[in-house]
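For reference, the chains in residue letters:
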Amino acid sequence: MHGESPRLRLNPESTALLVIDVQKALFSRPTSIYMADDLICNINSLVEIFQLSNALVIYIQHSNNKMLIKDSDGWQFHPGLNFKEDNPIIHKIHGNAFNETNLKQTLESRGIEDIVITGLVTQGCVKATSIGGKELGYRVILVDDGHSNYSKEAPEIIEKWNLKLGMEQVELFSADEIGFV
């Protein structure tokens, strides 16, 4: 926060932050994660705000049989991520974090209605989980400076999906615009 009052004030009892696939291997690709340091900083800032408000933070971890092999070094969370062991972790094998996981049940059991989405990658799991959340009736807030990818066209991809998801009724706010009542 830059000393300003947040534009978006959420209820900490009904809001969850989803931190999607911020895993080591995605940061070691031939093309680097676009604005990786800012991404980690923005996500960590939100994690801190959520934790100070006793709001739910959920870490989502993807696995596949290529670079995100379960329990491998690359599968682990990025070392710069403000990760707390007592937060729920959802393990997934599909882009949409709701697909074949207990994410929906975890959110329902805590009365969550609003989900704030951050992480990797924009055009993959971030997009799929945003759409999946909308389809299930959640209010979806995408942190427009809280997701990225490792494409050479990363800025254009981020802009494209911010616009497309905005047209799908996904709300867009920057990390420093989000706070709690």
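Residues numbered from 1 in each chain as written. Predicted model: local features only at pLDDT ≥ 70, side-chain atom pairs only at ≥ 80, totals over all residues. Heavy atoms only, no water.

Things to note about the overall build of the protein
Okay, step 1: The secondary structure content of the protein amounts to four helices and eight strands.
Okay, step 2: Listed N to C, the secondary structure of the protein is β-β-α-β-β-α-β-α-β-α-β-β in terms of helices and strands.
Okay, step 3: Expressed along its principal axes, the backbone C-alpha trace of the protein runs to roughly 40 × 35 × 30 Å.
Okay, step 4: A burial count over the protein gives 52% of its 181 residues as buried.
Okay, step 5: Restricting to contacts in the protein with at least 6 residues of sequence separation, those with at least 24 account for 79%.
Okay, step 6: For the protein, the accessible area works out to roughly 8,700 Å², and carbon and sulfur atoms hold 47% of it.
Okay, step 7: For the protein, the separation between the mean place of its 16 positive charges and that of its 24 negative charges on side chains is 6 Å. (Helix = DSSP H or I, 4+ residues; strand = E, 2+ residues; numbered from the N terminus. Buried < 20%, exposed > 50% of the residue type's maximum accessible area, 1.4 Å probe, protein only. Contact = heavy atoms within 4.5 Å. Areas by Shrake-Rupley, 256 points an atom, 1.4 Å probe, with all protein chains shown as cover. Lys, Arg positive; Asp, Glu negative; His and termini not counted. Charge placed at Lys NZ, Arg CZ, Asp CG, Glu CD.)

Side note on the packing of aromatic side chains
Okay, step 1: Under the counting rule described, the total for this entry stands at five aromatic pairs.
Okay, step 2: Through a chain of ring-to-ring contacts, three or more aromatic side chains come together here, namely Tyr59, Phe77 and Phe83.
Okay, step 3: Stacked on the ring of Trp161, the Lys or Arg Lys164 has its end atom at 4.9 Å from the ring centre. (Phe/Tyr/Trp six-rings, centres within 6.5 Å; stacked < 30°, edge-to-face > 60°. Lys NZ or Arg CZ within 6 Å of the ring centre and 35° of its normal.)

Digging into the pattern of salt bridges
Okay, step 1: Applying the stated rule across the entire model yields six salt bridges.
Okay, step 2: Its salt-bridge partner being Asp21, residue Lys92 comes within 2.9 Å of it at the nearest N-O pair. Of this pair, Lys92 sits in strand β4 (residues 89–92) while Asp21 sits in the loop between β2 (15–20) and α1 (36–52), and the two are 71 residues apart along the sequence. No difference in accessibility class separates Lys92 from Asp21, as the two residues are buried.
Okay, step 3: Linking Lys24 and Asp73 is a salt bridge whose minimum nitrogen-to-oxygen distance equals 2.8 Å. Within this pair, whereas Lys24 is found in the loop between β2 and α1, its partner Asp73 is found in the loop between β3 (56–62) and β4, the two being separated by 49 residues in sequence.
Okay, step 4: By relative accessible area, Lys24 is classed as partly exposed at 27%.
Okay, step 5: Since its relative accessible area comes to 53%, Asp73 is described here as exposed.
Okay, step 6: A cluster of three or more residues bridged by salt bridges with shared partners is formed by Asp114, Arg139 and Glu171. (Salt bridge = Lys/Arg side-chain N within 4 Å of Asp/Glu carboxyl O.)

Comments concerning the side chain of His62
Okay, step 1: One can find His62 in strand β3.
Okay, step 2: At a separation of 2.7 Å, a polar atom in the side chain of His62 contacts the side chain of Lys92.
Okay, step 3: Excluding residues within four positions of it along the chain, His62 makes contact with Asp21, Gln23, Leu68, Trp75, Lys92, Ile93, His94, Gly95 and Cys125. (Polar contact = N/O pair within 3.5 Å; in protein donor to acceptor, adjacent residues only side chain to side chain.)

Some words on the sheet that holds strand β7 (residues 171–173)
Okay, step 1: An order of β4-β3-β2-β5-β6-β7 is seen for the six strands of this open sheet, with the pairing classed as parallel. Single-partner strands in this sheet number two, and they are β4 and β7. Direction aside, neighbouring strands of the sheet carry axes that sit 25° apart on average.
Okay, step 2: Here four bridges tie β3 to β4, and the two strands are oriented parallel to one another. (Pairing = 2+ DSSP bridges. Axes fitted to C-alpha atoms, helices over the stretch in contact; angles between N-to-C directions.)

Let's talk about helix α4 (residues 154–167)
Okay, step 1: Look at α4: 20 Å from first C-alpha to last across 14 residues, which is about the 20 Å you get at 1.5 Å a residue.
Okay, step 2: Among the residues of α4, Ala154, Ile157, Ile158, Trp161, Asn162 and Leu165 are the ones counted as buried. Down the axis of α4, the smallest arc covering the buried residues is 130°, so these residues share one side. Of the exposed residues in α4, those oriented more than 90 degrees away from the buried face are Glu159, Leu163 and Met167.
Okay, step 3: As for α4, its buried residues are in contact with α3 (122–135), β6 (139–148) and β7.
Okay, step 4: Gln169 sits one or two residues past α4 and shows a positive phi near 70°. (Expected span 1.5 Å × (residues − 1). Arc of directions from axis to C-beta.)

Remarks on the side chain of Ser63
Okay, step 1: Positionally, Ser63 belongs in the loop between β3 and β4.
Okay, step 2: The residues touching Ser63, leaving out its near neighbours within four places in the chain, are Leu68, Lys70, Trp75, Lys92 and Ile93.

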